[in-house]
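# Architecture at a glance
Here is what each chain is made of, one letter per residue.
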Protein chains: 2
Amino acid sequence: MTRTPHRRGADRTEAIMRTTLELGQEIGYANLSMEAVAARAGASKQTLYRRWSSKGALLLDSLLSLNEPGLDYPYTGDLAADLRAQIYAAVDLLAGPPYGALFQALVGEAQHDRRVAVALNERFIAPQADKTVARLRAARDQGQLSPDFDLDLAMAILSGPLYFRLLITQEPLTHAYIDRVLDVLFAGMTPRP
Amino acid sequence: MTRTPHRRGADRTEAIMRTTLELGQEIGYANLSMEAVAARAGASKQTLYRRWSSKGALLLDSLLSLNEPGLDYPYTGDLAADLRAQIYAAVDLLAGPPYGALFQALVGEAQHDRRVAVALNERFIAPQADKTVARLRAARDQGQLSPDFDLDLAMAILSGPLYFRLLITQEPLTHAYIDRVLDVLFAGMTPRP
């Protein structure tokens, strides 16, 4: 393996994040270290620590750099279709191969390391929650969402059942599963007349 | 601290599990080891490994030994009240002080150690899912649950939003939060006439 020369600014940041994902897939999160990423990316350890406080923070940025705009919600006017499209994209990106195992490890790390938990929430969950609430508020204004729906719960309600499958039962998160979850959440548990 | 004499059978098992919880609270899951538990419980390391393949499996059994029957569902005939009562009990036991941090660490470990994930599902999730499905099936027979409700999703739908809060946003799991989640799940997201 050849060491790439030191780079500056955005290019260097991007190279480090790409290296993090490559190396993480090869050796797994448990074996990943700031040192190993720095060495392969041809950067100094200080460069990494200047930007990322831990390998958890680095991995999070690296995962999010993949396709962040792809996680925006469409606004076609059909709430169910728009949620489904966004959730498919998010799940395909973060819960399936090749990055699913790294994202899962990152959430695992967030249970032991408070800084990783905070970074996960600030860098990913909170921005996603804002987008989700905005999409649902628009739907509520159009009468597609119950006026009583508790918008503050949107992320927990919509993504909770997906995290349950990713983290607890650890079964594959298929599109068919997402469809079934959305069907239940839209209809509710009690009978409709 | 005095070493308790070696014990046999159920008493010894119980003492080891109690020690696991005490020591886990004192030093945290990351610092917990089979050796340390064995030493404080006055048992041999082999005794522990004969019953538990890892500290994750030991911690899981120890947490479940606390109050397993308390996690049964009441059958008062009021589905919402019965679910609420069971979820309050489960959350109070596993997500709040003094054991919440240990349960959270256990789920974190399940992201890195396949055996812990399997044990978590076999020893806790699957039996809980069976109870949940049985309670919901009874409610469906009584017309309190939508005939279309997907019973296989019951655990993911009901507990997913709680795990999301425990593991992702890491905010306190209050009874008020549980009430709000149940309200949304019962009513559904789309407007009712």
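Residues numbered from 1 in each chain as written. Chains lettered and ligands numbered in written order. Predicted model: local features only at pLDDT ≥ 70, side-chain atom pairs only at ≥ 80, totals over all residues. Heavy atoms only, no water.

The name that an unreviewed UniProt entry assigns to chain A is DNA-binding transcriptional regulator, AcrR family, with the source organism given as Nonomuraea wenchangensis.

## Quick look at the overall build of chain A
A count of helices and strands for chain A gives nine helices and zero strands. Listing the helices and strands of chain A from first to last along the sequence gives α-α-α-α-α-α-α-α-α. Overall size of chain A, expressed as C-alpha extent along the three principal axes, is 65 × 35 × 30 Å. Relative to its 193 residues, chain A shows a buried fraction of 54%. Look at the contacts in chain A between residues 6 or more apart in sequence, and 60% of them connect residues 24 or more apart. Accessible surface for chain A amounts to roughly 8600 Å². Of this, 51% is attributable to carbon and sulfur atoms. Separation between the mean location of the 21 positive side-chain charges and that of the 22 negative ones in chain A comes to 8 Å. (Helix = DSSP H or I, 4+ residues; strand = E, 2+ residues; numbered from the N terminus. Buried < 20%, exposed > 50% of the residue type's maximum accessible area, 1.4 Å probe, protein only. Contact = heavy atoms within 4.5 Å. Areas by Shrake-Rupley, 256 points an atom, 1.4 Å probe, with all protein chains shown as cover. Lys, Arg positive; Asp, Glu negative; His and termini not counted. Charge placed at Lys NZ, Arg CZ, Asp CG, Glu CD.)

## Regarding the domain arrangement of chain A
Residues and elements named next belong to chain A. The assigned domain composition of chain A is domain 1 (9–51) and domain 2 (64–187). Relative to domain 2, the C-alpha centre of domain 1 lies at a distance of 27 Å. Each partner contributes residues to the interface: domain 1 has five residues there, and domain 2 has seven residues. Buried area between domain 1 and domain 2, both sides added, is near 620 Å², and the carbon and sulfur share of it is 76%. (Domains from an automatic or database assignment. Buried area = accessible area lost by both parts, 1.4 Å probe.)

## A few points about the relation of the copies chain A and chain B
Laying chain A over chain B is done by rotating through 180° and shifting 0.0 Å along the axis; what remains is an RMSD of 0.0 Å. Within this description, the copies of the chain are treated as partners about a two-fold rotation axis. Across chain A, the rotation axis passes nearest the C-alpha of Gly 188 of chain A, at a separation of 1.7 Å. A high fraction, 100%, of the interface residues of chain A reappear at the interface in chain B, so the copies pair face to face through one surface. (Least-squares fit on C-alpha atoms with pLDDT ≥ 70 in both.)

## A short note on the UniProt feature "DNA-binding region" (unreviewed entry) in chain A
When the UniProt feature table is mapped onto this chain, "DNA-binding region" (unreviewed entry) is found at residues 33–52 of chain A. With 75% helix and 0% strand, the stretch residues 33–52 of chain A has end C-alpha atoms that lie 12 Å from each other. (UniProt positions renumbered as here; feature names shortened; annotations may be inferred.)

## Re the interface of chain A and chain B
Facing the 51 residues of chain A at the interface are 51 residues of chain B. Across the chain A/chain B interface, buried area totals approximately 4300 Å², and carbon plus sulfur atoms make up 66% of it. Run the count over chain A and chain B and you get two salt bridges. In this structure, Asp 150 of chain A engages Arg 180 of chain B in a salt bridge whose closest nitrogen and oxygen atoms are separated by 2.8 Å. Counting residues per element, the ones that place at least two in the side of chain A that touches chain B are helix H6 (100–110), helix H7 (114–141), helix H8 (154–169) and helix H9 (175–187) of chain A. With 13 residues, the top contributor of residues to the side of chain A that touches chain B is H8 of chain A. A class-by-class count of the residues in the side of chain A that touches chain B yields 31 nonpolar, 14 polar and six charged. (Salt bridge = Lys/Arg side-chain N within 4 Å of Asp/Glu carboxyl O. Nonpolar A, V, L, I, M, F, W, Y, C, P; charged D, E, K, R; others polar.)

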